[in-house]
Amino acid sequence: KLTGADWLEVKPGAVDLSEATLGQCTMLKADFSGARFMGADLSDATFVECQLDEVDFSGATLTKATFVTCRGEGVSFQRASLGQAVFVHGSLFPDADFSDATMEKANLRGTLLAGARFDRANLTGADLSECDASQASFERASLRGGVLVRTGLEGASLRGALAGDGANTAVA
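Residues numbered from 1 in each chain as written. Predicted model: local features only at pLDDT ≥ 70, side-chain atom pairs only at ≥ 80, totals over all residues. Heavy atoms only, no water.

(A) Molecular detail of the overall build of the protein. On a plain count of helices and strands, the protein comes out with zero helices and seven strands. When the elements of the protein are put in sequence order from the N terminus, they spell out β-β-β-β-β-β-β. Taking 16 Å as the expected radius of gyration for a compact globule of 172 residues, we find that the protein reaches 15 Å, a close match to that expectation. Once the C-alpha set of the protein is aligned to its principal axes, its extents read approximately 45 × 25 × 20 Å. Relative to its full complement of 172 residues, the protein shows a buried share of 45%. With the model as given, the accessible surface of the protein reaches about 7600 Å², and the carbon-plus-sulfur share is 46%. Considering the protein, the positive charge centre built from 15 side chains and the negative charge centre built from 23 side chains are found 4 Å apart. (Helix = DSSP H or I, 4+ residues; strand = E, 2+ residues; numbered from the N terminus. Rg over C-alpha atoms; globule rule 2.2 N^0.38 Å. Buried < 20%, exposed > 50% of the residue type's maximum accessible area, 1.4 Å probe, protein only. Areas by Shrake-Rupley, 256 points an atom, 1.4 Å probe, with all protein chains shown as cover. Lys, Arg positive; Asp, Glu negative; His and termini not counted. Charge placed at Lys NZ, Arg CZ, Asp CG, Glu CD.)

And the structure:
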């Protein structure tokens, strides 16, 4: 267990931290490019100015995790639990994969999400305001109660996505 540990300006690279318990950790200016956190517990973890390109968070628990000014091109959050997670202050996650992720009440306000995949993700109550989600895919995603004020959706796919309060409200 590495709960509460601080990772300051480290460059572990493609380290495998799958199934690790890293809750309440602080990662500051760390370069985790290519690392694997599959199934890891990162609840309440904080990432500040971290490089997360091609990181695999598949199936990880990131409930209430915070990403501040982070870059994660091609990062995978497939099937991850990101309830109440926060992505802020110029965070960049182009081509990220959030497919089948649980993201209730997540705050992605202002995050670059161009080309990201949210297929079948649960974004109930999530805030995607002022995001660049151009060319992103939200196919069969739940956006009920979500906030998408000034969200760039040029070329995005919302086929079969659900929005509004009704379970049968579809956004095409």
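Once you've had a look at it, read on.
(B) Layout of the packing of aromatic side chains. Going through the model one piece at a time under the given rule, you end up with 17 aromatic pairs. Centroid distance Phe67 to Phe93: 5.9 Å. Interplanar angle 85°. Geometry classified as edge-to-face. Remark: Phe93 occurs in the loop between β5 (86-88) and β6 (161-162) and Phe67 occurs in strand β4 (residues 66-68); sequence separation between them is 26 residues. Phe93 shares its class with Phe67; the two are buried. A ring pair is formed by Phe118 and Phe138, whose centres lie 4.8 Å apart and whose planes are at 0°; its orientation type is stacked. (Phe/Tyr/Trp six-rings, centres within 6.5 Å; stacked < 30°, edge-to-face > 60°.)

(C) Quick peek at the nonpolar core. Judged by nonpolar contacts, the single largest core of 51 residues is most densely connected at Phe47, Leu62, Phe77 and Phe98. Excluding residues that lie within four positions of it along the chain, Phe98 makes contacts with Phe77, Leu82, Phe87, Met103, Leu113, Ala116, Arg117, Phe118 and Ala121. (Core = buried A, V, L, I, M, F, W, Y, C linked by side-chain atoms within 4.5 Å. Contact = heavy atoms within 4.5 Å.)

(D) Main features of unusual backbone geometry. Phi angles above zero are rare outside glycine, and Glu49 is one such case at about 50°. With respect to the helices, strands and loops of the structure, Glu49 is situated in the loop between β3 (46-48) and β4. Even without a glycine there, the phi angle at Thr69 is positive, about 50°.

(E) The arrangement of the pattern of salt bridges in detail. A complete count under the given rule lists eight salt bridges for this structure. Arg36 is the salt-bridge partner of Asp16, the closest N and O atoms lying 3.4 Å from each other. Here Arg36 lies in the loop between β2 (26-28) and β3 and Asp16 lies in the loop between β1 (6-8) and β2, a separation of 20 residues in the sequence. The partly exposed category is assigned to Asp16, whose relative accessible area is 43%. Between Asp53 and Arg71 there is a salt bridge, with the nearest N and O atoms lying 3.8 Å from each other. Here the residue Asp53 occupies a position in the loop between β3 and β4, and Arg71 occupies one in the loop between β4 and β5, the gap between them amounting to 18 residues. Residues joined by salt bridges that share partners form a network here, namely Asp53, Arg71 and Glu73. (Salt bridge = Lys/Arg side-chain N within 4 Å of Asp/Glu carboxyl O.)

(F) How the structure looks around the environment of Arg71. By relative accessible area, Arg71 is classed as partly exposed at 27%. Linking Arg71 and Ala30, residues 41 residues apart in sequence, is a C-alpha distance of 11 Å. Aside from chain neighbours lying at most four places away, what touches Arg71 is Cys50, Gln51, Leu52, Asp53, Leu92 and Pro94. Within the structure, the side chain of Arg71 is placed 2.4 Å from the side chain of Glu73, a separation counted as a polar contact. (Polar contact = N/O pair within 3.5 Å; in protein donor to acceptor, adjacent residues only side chain to side chain.)

(G) Spotlight on the confidence of the model for the protein. Mean pLDDT over the protein stands at 93; residues scoring 70 or higher make up 95%. Averaged pLDDT values over the elements of the protein bottom out at 32 in strand β7 (residues 170-171) and peak at 98 in β4. This stretch, residues 166-172, has a pLDDT under 50; its non-local contacts, to residues over four places away or in other chains, come to 13 contacts. (pLDDT = per-residue confidence, 0-100.)

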